[in-house]
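Each chain, letter by letter, is given below.
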Amino acid sequence: AQKVTQAQTEISVVEKEDVTLDCVYETRDTTYYLFWYKQPPSGELVFLIRRNSFDEQNEISGRYSWNFQKSTSSFNFTITASQVVDSAVYFCALKRGYGQNFVFGPGTRLSVLP
Amino acid sequence: GAVVSQHPSWVICKSGTSVKIECRSLDFQATTMFWYRQFPKQSLMLMATSNEGSKATYEQGVEKDKFLINHASLTLSTLTVTSAHPEDSSFYICSARGVPNSYNEQFFGPGTRLTVL
């Protein structure tokens, strides 16, 4: 069975602080895909990143960075110098492969205070 | 990028009525569409998988007679909530799988917020 755990239910930080959102996943597949989505109050899912299981390189995109470690089954997401506009619910998700559905984690609600 | 639309974006209905939600892939052919449900302050849970031209596959605990899914074309899947009740109030999101540019791409619609009074 596949499972995604996001241990942090809610996080509050002050603007300009760095914040890391944790994601731990479980799967028996050797090929899988990991995702992060942002869900603002409007509800629409905003795609942030996709990683396949064979690519453990960390990635940086502007203020966002991701740390993928297969040894610990983790795919953590860090926002540097957080901004109020980063306030949203963030979901980590796992997908087995082509044509398969997403398995979402419970989400982490991030509040960035001015 | 590929675009998936949903209609309506929100709907309010009376208990006992039926509501139809459409999911369309606008610029690609979607052989498979997935329907997810999200209750307030909860995560997204898969309800069913629909493949064009065949019956939908429902997840355990989802009543197929209550949530009717029709995937009649490669660009349209519909979810009909029959005899809706207040406990069906939720955010319904579809995702569509196609091959617009590369493999393993899947795109989400903007969601439909259903409120049953």
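What comes next is a walk through the structure. (Residues numbered from 1 in each chain as written. Chains lettered and ligands numbered in written order. Predicted model: local features only at pLDDT ≥ 70, side-chain atom pairs only at ≥ 80, totals over all residues. Heavy atoms only, no water.)

### Concerning the interface of chain A and chain B
Here is step 1 of the chain: Each partner contributes residues to the interface: chain A has 21 residues there, and chain B has 20 residues.
Here is step 2 of the chain: Between chain A and chain B the total buried area reaches about 1,700 Å² when both faces are included, carbon and sulfur atoms providing 52% of it.
Here is step 3 of the chain: Counting every contact that joins chain A to chain B gives three residue pairs in polar contact (both at pLDDT 80 or more).
Here is step 4 of the chain: Looking at the side of chain A that touches chain B, the elements with two or more residues in it are β5 (33–39), β10 (88–95) and β11 (102–104) of chain A.
Here is step 5 of the chain: Considering each element in turn, the side of chain A that touches chain B owes the most residues, three residues, to β5 of chain A.
Here is step 6 of the chain: For the side of chain A that touches chain B, the per-class residue count stands at nine nonpolar, eight polar and four charged. (Contact = heavy atoms within 4.5 Å. Buried area = accessible area lost by both parts, 1.4 Å probe. Polar contact = N/O pair within 3.5 Å; in protein donor to acceptor, adjacent residues only side chain to side chain. Helix = DSSP H or I, 4+ residues; strand = E, 2+ residues; numbered from the N terminus. Nonpolar A, V, L, I, M, F, W, Y, C, P; charged D, E, K, R; others polar.)

### A few points about the nonpolar core
Here is step 1 of the chain: Trp-35 and Leu-114 of chain B are the most contacted members of the largest nonpolar core, which has 26 residues in total.
Here is step 2 of the chain: Sorting the residues of this core by element identifies β2 (10–13), β3 (19–25), β4 (30–38), β5 (44–51), β7 (67–73), β8 (76–81), β9 (90–98) and β11 (112–116) of chain B as the ones contributing at least two each.
Here is step 3 of the chain: If you look at the next biggest cluster of nonpolar residues, it comprises 24 residues, including Leu-48, Tyr-64, Phe-77 and Tyr-90 of chain A. (Core = buried A, V, L, I, M, F, W, Y, C linked by side-chain atoms within 4.5 Å. Buried < 20%, exposed > 50% of the residue type's maximum accessible area, 1.4 Å probe, protein only.)

### Here's the deal with the pairing of strand β12 (residues 108–113) of chain A
Residues and elements named next belong to chain A.
Here is step 1 of the chain: Here β12 shows a buried face lined by Thr-108, Leu-110 and Val-112 and an unburied face lined by Arg-109, Ser-111 and Leu-113.
Here is step 2 of the chain: Relative to β12, strand β2 (residues 10–14) runs parallel, the two being bridged by five bridges. Following the sheet pairing, Val-13 is matched in β12 by Val-112.
Here is step 3 of the chain: Note: β10 against β12, three bridges, orientation antiparallel. Bridging across to β12, Tyr-90 finds its partner in Thr-108. (Pairing = 2+ DSSP bridges.)

### What to know about unusual backbone geometry
Here is step 1 of the chain: Of note, the bond from His-7 of chain B into Pro-8 of chain B is cis; its omega dihedral lies within 30 degrees of zero at 0°.
Here is step 2 of the chain: On the secondary structure map, Pro-8 of chain B appears in the loop between β1 (4–7) and β2.
Here is step 3 of the chain: Here Ser-73 of chain A, not a glycine, exhibits a phi torsion of approximately 50°, which is positive.
Here is step 4 of the chain: Here Ser-73 of chain A is to be found in the loop between β8 (64–69) and β9 (74–79).
Here is step 5 of the chain: Looking at Ser-73 of chain A, the relative accessible area reads 23%, which means it is partly exposed.
Here is step 6 of the chain: One non-glycine residue, Lys-41 of chain B, adopts positive backbone phi at about 60°.
Here is step 7 of the chain: Summarising the element assignment, Lys-41 of chain B is placed in the loop between β4 and β5.

### Notes on the packing of aromatic side chains
Here is step 1 of the chain: Under the criterion given, the structure shown has 23 aromatic pairs over all chains.
Here is step 2 of the chain: Aromatic pair Tyr-64 of chain A and Trp-66 of chain A: ring centres 6.0 Å apart, planes at 80°, arrangement edge-to-face. Neither Tyr-64 of chain A nor Trp-66 of chain A differs from the other in exposure class; each is buried.
Here is step 3 of the chain: The rings of Phe-35, Tyr-37, Phe-47, Phe-91, Phe-102 and Phe-104 of chain A together with Tyr-36 and Phe-108 of chain B are connected pair by pair, giving a single aromatic cluster.
Here is step 4 of the chain: When the ring centre of Phe-102 of chain A is taken as reference, the NZ or CZ atom of Lys-95 of chain A above it lies at 5.6 Å.
Here is step 5 of the chain: Just above the ring of Phe-67 of chain B sits the side chain of Lys-66 of chain B; from NZ or CZ to the centre is 6.0 Å. (Phe/Tyr/Trp six-rings, centres within 6.5 Å; stacked < 30°, edge-to-face > 60°. Lys NZ or Arg CZ within 6 Å of the ring centre and 35° of its normal.)

Remember, this is a structural readout, not a statement about activity or role.
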